[in-house]
Amino acid sequence: MYSKAQKILFMNRSNDTATVPIRIGIVVPCFNEEDVIRETNDRLIMLINQLQSNGLISHESSIIYIDDGSRDATWSIIEALSQSHPTVSGIKLSRNQGHQNALLCGLMTSPGDALISVDADLQDDLNVIPQMIHHFLKGNEIVYGVRKSRETDTYFKRFTAEGYYKLMSIMKVDIIFNHADYRLLSRRAINALSEYREINLFLRGLVRLLGFKSEVVEYDRAERFAGESKYPLRKMLSFAWQGITSFSTAPLRLITFLGITVSIVSIALAAWGFLSTLFTDSTLPGWASTVIPMYFLGGVQLFSLGIIGEYISKIYMENKSRPRFHVDQKIGTSFSKNKKNHE
Ligand code: UDP
Ligand code: MG
């Protein structure tokens, strides 16, 4: 329970219209999650009831599921849950838009003084949510959920994930090590996030750009409760690449560096060839010295063009500024009043 003084402190902490107890929204993106969503809902409802009876959160707090164009029974389950629990609301996207867009839709559309984003598969430990709210009440606008260890991951996932975070730090991309998309954002932080209009979304990078006072809570990540990962290797690689190309121009600089290095080496080789014809009788080795550099330079050039192409394709997509999601349907008490929609 929070003391009256703490509550007053909270009321004065920003110019939000938040009243105490605070109204929170738990935003859960779902893609083909029929096997797990009922269990997730049971646990979330239990947590919300507990926080409400502690006087920490208001009775207007809600759980908002975003159905990201699922092809299984996910949406009908969300509809049923929303009918039997006033706490549950749902948004159905018009098609599968990907995790990041579904999450953004939830953040831009859901009401609450603070929103907590969490995966549907119960990998994120819900028991740290009270701690997140505690940090929010102490004046933090962002609270990051950070995994303590990766023991539950396969060796391959652990190795690639950790390598990736290291690569990002070499490229000077500011992301929090072992933090994915489990976080609390205050209304102020969400308003700031809504000013970022980019199509190539990499939320964990964008949130770092917001600044504001933030805090970290650590948790142990469990294995997926049921169902399969919706991030197969192909999607994971594409997401990783998105993170690099949306936040860093280091690969372009790498090309320049590569170009300079290859030029210096070839000048040196030319000098060596020239001097050896002047001062030695030996003839230049013919085939190898012609063909190998040709293939090598061809490869370097194609690789460089490819990277430049990746950035141009990003500019192309950003330039179109297409909507990042379309809402097909909204259900539940969170959306029954005329709420502002940021689509
Ligand atoms: N997800 C989504 N749209 C997609 C893929 C995934 O909304 O196109 C959701 C999914 O339902 C889950 C979260 O994003 O709630 C994370 O996905 P998943 O657990 O499959 O990823 P992993 O934990 O394996 O990286
Ligand atoms: Mg998962």
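What you are looking at is a predicted structure, and each value in this text was computed from that prediction instead of being measured. Per-chain numbering applies: the sequence of each chain, read as written, is numbered from 1 onward. Whichever chain is written first is A, and whichever ligand is written first is 1; the rest continue in order. Local features in this predicted model are restricted to residues whose pLDDT is 70 or higher, and side-chain atom pairs enter the listing and the counts only when it is 80 or higher, whereas totals over whole chains, interfaces and linings include all residues. Side-chain measures were taken over the full set of non-hydrogen atoms in the model, leaving aside hydrogen atoms and water.

A. Structural view of the overall build of the protein chain. Secondary structure elements follow DSSP: runs of H or I no shorter than four residues count as helices, runs of E no shorter than two count as strands, and numbering proceeds from the N terminus. Counting secondary structure elements, the protein chain contains eleven helices and eight strands. Its C-alpha atoms give the protein chain a radius of gyration of 26 Å, clearly above 20 Å, the size a compact globule of 343 residues would have. Dimensions of the protein chain, computed from C-alpha atoms along their principal axes, come out at roughly 95 × 45 × 40 Å. The contacts in the protein chain between residues at least 6 apart in sequence include a share of 82% that link residues at least 24 apart. Under the counting rule used here, the positive set is Lys and Arg, the negative set is Asp and Glu, and His together with the chain ends is not counted. All charge positions are set by atom: Lys at NZ, Arg at CZ, Asp at CG, Glu at CD. Here the protein chain holds 38 positive side-chain charges and 34 negative ones, and the gap between their average locations is 5 Å. All radius of gyration figures rest on C-alpha atoms, and the globule criterion is 2.2 Å times the number of residues raised to 0.38. When checking whether two residues touch, look at their non-hydrogen atoms; a contact exists if any pair is within 4.5 Å.

B. How the structure looks around the side chain of Ser334. Within the secondary structure, Ser334 is located in the segment after β8 (327–331). Partly exposed residues are those whose accessible area sits between 20% and 50% of the maximum for their type, while under 20% is buried and over 50% is exposed, using a 1.4 Å probe and protein chains only. With a relative accessible area of 2%, Ser334 lands in the buried category. N or O atoms within 3.5 Å of each other form a polar contact, as long as, within protein, one can give a hydrogen and the other can take it, and as long as residues adjacent in sequence are counted only when both atoms are side-chain atoms. Within the local environment of Ser334, its side chain forms a polar contact with the side chain of Ser89, the two groups lying 3.1 Å apart.

C. Fine view of the site of ligand 1. Throughout, the term near means that a residue has one or more heavy atoms lying within 4 Å of the molecule or strand in question. Around ligand 1, 19 residues are found, and the nearest of them are Glu33, Asp68, Asp121, Ser229 and Lys230. The separation between an oxygen atom of ligand 1 and a polar side-chain atom of Ser229 is 2.5 Å. Calculation on ligand 1 without its partners gives an accessible area of 530 Å², and the protein chains cover 94% of this total. Side-chain classes follow a simple rule in which Ala, Val, Leu, Ile, Met, Phe, Trp, Tyr, Cys and Pro form the nonpolar group, Asp, Glu, Lys and Arg form the charged group, and the remainder, Gly included, forms the polar group. Across the shell around ligand 1, the residue classes break down as five nonpolar, five polar and nine charged. All accessible areas in this document rest on Shrake-Rupley with a 1.4 Å probe, and a residue is counted as covered only by the protein chains that are shown.

D. Fine view of the nonpolar core. Residues Val28, Tyr65, Ile129 and Ile133 are the most contacted members of the largest nonpolar core, which totals 40 residues. At the level of secondary structure, the elements contributing two or more residues to this core comprise β1 (24–30), α2 (37–53), β2 (62–67), α3 (74–84), β4 (114–117), α5 (129–137), β6 (179–186) and β7 (214–219). Here the element with the most residues in this core is α2; it accounts for six residues. Those residues in contact with Ile129, other than ones at most four positions away along the chain, are Ile26, Leu47, Leu51, Ile116 and Tyr182. We define the nonpolar core as a collection of buried residues of types Ala, Val, Leu, Ile, Met, Phe, Trp, Tyr and Cys that are connected through side-chain atoms lying within 4.5 Å of one another. Counting 29 residues, the second-largest nonpolar core is a separate cluster that includes Ile64, Ile142, Ile190 and Phe325.

E. Focus on the side chain of Arg221. The residue Arg221 is located in the loop between β7 and α9 (233–247) in this model. Given the relative accessible area of 14%, Arg221 is considered buried. One polar contact links Arg221 to Gln123, side chain to side chain, over a distance of 3.0 Å. Within the structure, the side chain of Arg221 is placed 2.7 Å from the side chain of Asp124, a separation counted as a polar contact. Apart from the residues lying within four places of it in its own chain, the contact partners of Arg221 are Asp119, Gln123, Asp124, Arg147 and Thr152.

F. Geometry of the coordination of the magnesium ion (ligand 2). Coordinating donors are taken as N, O and S atoms within 2.8 Å of the metal, stretched to 3.2 Å for Na, K and Ca; because water is absent from the atoms, sites can appear incomplete. Protein coordination of the magnesium ion (ligand 2) is provided by Asp121 (OD) and Gln123 (OE1), with donor distances spanning 1.9 to 2.0 Å. Judged by relative accessible area, which is 14%, Gln123 ranks as buried.

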